[in-house]
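Structural features, examined
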Amino acid sequence: MSVNNRDPLVVGGVIGDVLERFTRSIDLRVTYGQREVTNGLDIRPSQIINKPRVEIGGEDLRNFYTLVMVDPDVPSPSNPHLREYLHWLVTDIPATTGTNFGNEIVSYESPRPTSGIHRLVLVLFRQLGRQTVYEPGWRPQFNTREFAALYNLGLPVAAVYFNCQRDNGCGGRRT
Amino acid sequence: MAAIPMATATPTDSMSRVWSMSSLKSSLPSAVTCRLPSPSSRRPVLVSSPSPRLPSFSGLSPVNPLISTGLPGWQSFEDGFKIIDGGGRVYAMRHGRRVPKLNRPPDQRKALLRGLTTQLLKHGRIKTTRARASAMRKFVDKMITLAKDGSLHKRRQALGYIYEKQIVHALFAEVPDRYGERNGGYTRIIRTLPRRGDNAPMAYIELV
């Protein structure tokens, strides 16, 4: 199904800030503990310390997919000059399996937002073949569009995002 | 022999030892036999009689529902407030009033909106109730418009509204780049799940 204007990814600004419009073709299920991630869900940093369980759909085990997890609102949504921050990168995931079967080339770093409410986006791309995707040099200033263009990943096949803000208030001083 | 109408109810008839109803009725005081007034489902007529004799001035105070002056047609609370002074009409309904009151008196309302716009400009995205989010759009747009102008007068106006001056200076520095081409509509509201404690409808408001 194609993404229309009322889609949560468009409403939440993910399409536009991080991704282009795409057609969803593969199922993507992300679960943190007991909670399944739906678009726009509010999750606390204490619940996302460990990596989630990701299950993808598709039919053919010979197709491989890449999962990228980025935060486009670093360091703060009002001033995102470090857009985006790469939290997790797993490649060579066979269809119908999960990230446990893939190659985790950038290890999962649990998000700790300092200021404001950050969006965290999980994007799934389809690879052309095995071992065609390599890690970037650093985590901040990551650009998903350029990354996809660089490794010929094309448009995404699935995406989901959720919101995360720091656990305890504004972090001390008000000003 | 007829019973003597006295307070005593002893049988005066020596011939019979039973009470007779007529002797009882006649000996009891007459007020008891009258029908008691019905409970106060209707206004007691007794109260309205003093009002013509003592006209009290109740011109500017709302008619107190507890003091029943017997005025007809006093049906609801709003009817007691129909005061016309110098042309300002006060109606019972909200027709055409567009200022959101946010359940607060005017000074608190202004302070709430100032605080919310300060926090939105500081954090970029905040989560609040839907009514507050849609009420603050106007003021956030106003602040960004002041920053787009950029003159000293506008800066001082913004400093009078936003609670933290670093935010004003940062705003005036980055708004020309960020919103230079955009004409209005600098915020976006995304409705979200209701709050658990009171089921209030919540929304994210963010700077576009």
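What comes next concerns the included structure. The structure displayed is predicted, hence computed values, not measured ones.

The subject of this paragraph is the overall build of chain A. Looking only at helices and strands, chain A features three helices and nine strands. Taken over the C-alpha trace, chain A has a radius of gyration of 16 Å; the compact-globule value for 175 residues is 16 Å, and the two agree within 12%. Principal axes of the C-alpha set define a box for chain A whose edges measure 55 × 30 × 30 Å. Looking at chain A residue by residue over its 175 residues, the buried ones come to 51%. The contacts of chain A with a sequence gap of at least 6 include a subset with a gap of at least 24, amounting to 72%. Of the roughly 8,600 Å² of accessible surface on chain A, a fraction of 47% belongs to carbon and sulfur atoms. Averaging the positions of the 19 positive and the 18 negative side-chain charges in chain A gives two centres separated by 6 Å.

On to the sheet that holds strand S3 (residues 41-43) of chain A. Residue and element names in this part refer to chain A. Taken in spatial order, the six strands of this open sheet run S3-S9-S8-S5-S6-S7, and their pairing is mixed. Of all strands in the sheet, those with a lone pairing partner are S3 and strand S7 (103-106), marking the two edges. Neighbouring strand axes in the sheet, compared pairwise and without regard to direction, differ in orientation by 25° on average. As judged from the three bridges shared by S3 and strand S9 (residues 158-165), these two strands associate in the parallel manner. Bridging from a neighbouring strand, Leu 41 pairs with Phe 162 of S9.

Glancing now at the interface of chain A and chain B. Listed per partner, the contact involves 19 residues of chain A and 16 residues of chain B. The junction of chain A with chain B conceals about 1,300 Å² of combined surface from both sides, 43% of it contributed by carbon and sulfur atoms. Inspection of the region where chain A meets chain B yields two salt bridges. Linking chain A with chain B are eight residue pairs in polar contact (both at pLDDT 80 or more), by the criterion used here. Of all the elements, strand S8 (residues 117-126) of chain A adds the most residues to the side of chain A that touches chain B, at three residues. Counted by class, the side of chain A that touches chain B contains three nonpolar, 11 polar and five charged residues.

What follows deals with the nonpolar core. With 28 residues, the main nonpolar core has Leu 120, Leu 121, Met 136, Val 140, Met 143, Ile 144 and Leu 207 of chain B as its most contacted residues. For this core, the elements supplying multiple residues, two or more each, are helix H5 (106-123), helix H6 (130-149), helix H7 (152-161), helix H8 (165-178) and strand S3 (202-207) of chain B. For this core, the element with the most residues is H6 of chain B, which contributes eight residues. When neighbours within four sequence positions are excluded, Ile 144 of chain B is seen to be in contact with Val 175, Tyr 179, Tyr 186 and Leu 207 of chain B. In this structure, Ile 26, Val 30, Leu 124 and Phe 162 of chain A belong to the second largest nonpolar core, which totals 26 residues.

Turning next to the pattern of salt bridges. Evaluated as defined, the whole model comprises 20 salt bridges over all chains. Of the charged contacts, one joins Asp 73 of chain A and Arg 119 of chain A as a salt bridge, the two residues approaching to 3.0 Å between their closest N and O atoms. Taken together, the residues Asp 73 of chain A in the loop between strand S5 (64-71) and strand S6 (85-94) and Arg 119 of chain A in strand S8 connect sequence positions 46 residues apart. Residue Asp 73 of chain A is classed as buried on the basis of its relative accessible area of 1%. When its relative accessible area of 3% is taken as the criterion, Arg 119 of chain A is described as buried. Asp 198 of chain B serves as the salt-bridge partner of Arg 195 of chain B, at 3.0 Å between the closest nitrogen and oxygen. One network of salt bridges, in which partners are shared, links Asp 17, Asp 73, Arg 83 and Arg 119 of chain A together with Arg 125, Arg 188 and Glu 206 of chain B.

Each value, and the rule that gives it
Residues numbered from 1 in each chain as written. Chains lettered and ligands numbered in written order. Predicted model: local features only at pLDDT ≥ 70, side-chain atom pairs only at ≥ 80, totals over all residues. Heavy atoms only, no water. Helix = DSSP H or I, 4+ residues; strand = E, 2+ residues; numbered from the N terminus. Rg over C-alpha atoms; globule rule 2.2 N^0.38 Å. Buried < 20%, exposed > 50% of the residue type's maximum accessible area, 1.4 Å probe, protein only. Contact = heavy atoms within 4.5 Å. Areas by Shrake-Rupley, 256 points an atom, 1.4 Å probe, with all protein chains shown as cover. Lys, Arg positive; Asp, Glu negative; His and termini not counted. Charge placed at Lys NZ, Arg CZ, Asp CG, Glu CD. Pairing = 2+ DSSP bridges. Axes fitted to C-alpha atoms, helices over the stretch in contact; angles between N-to-C directions. Buried area = accessible area lost by both parts, 1.4 Å probe. Salt bridge = Lys/Arg side-chain N within 4 Å of Asp/Glu carboxyl O. Polar contact = N/O pair within 3.5 Å; in protein donor to acceptor, adjacent residues only side chain to side chain. Nonpolar A, V, L, I, M, F, W, Y, C, P; charged D, E, K, R; others polar. Core = buried A, V, L, I, M, F, W, Y, C linked by side-chain atoms within 4.5 Å.

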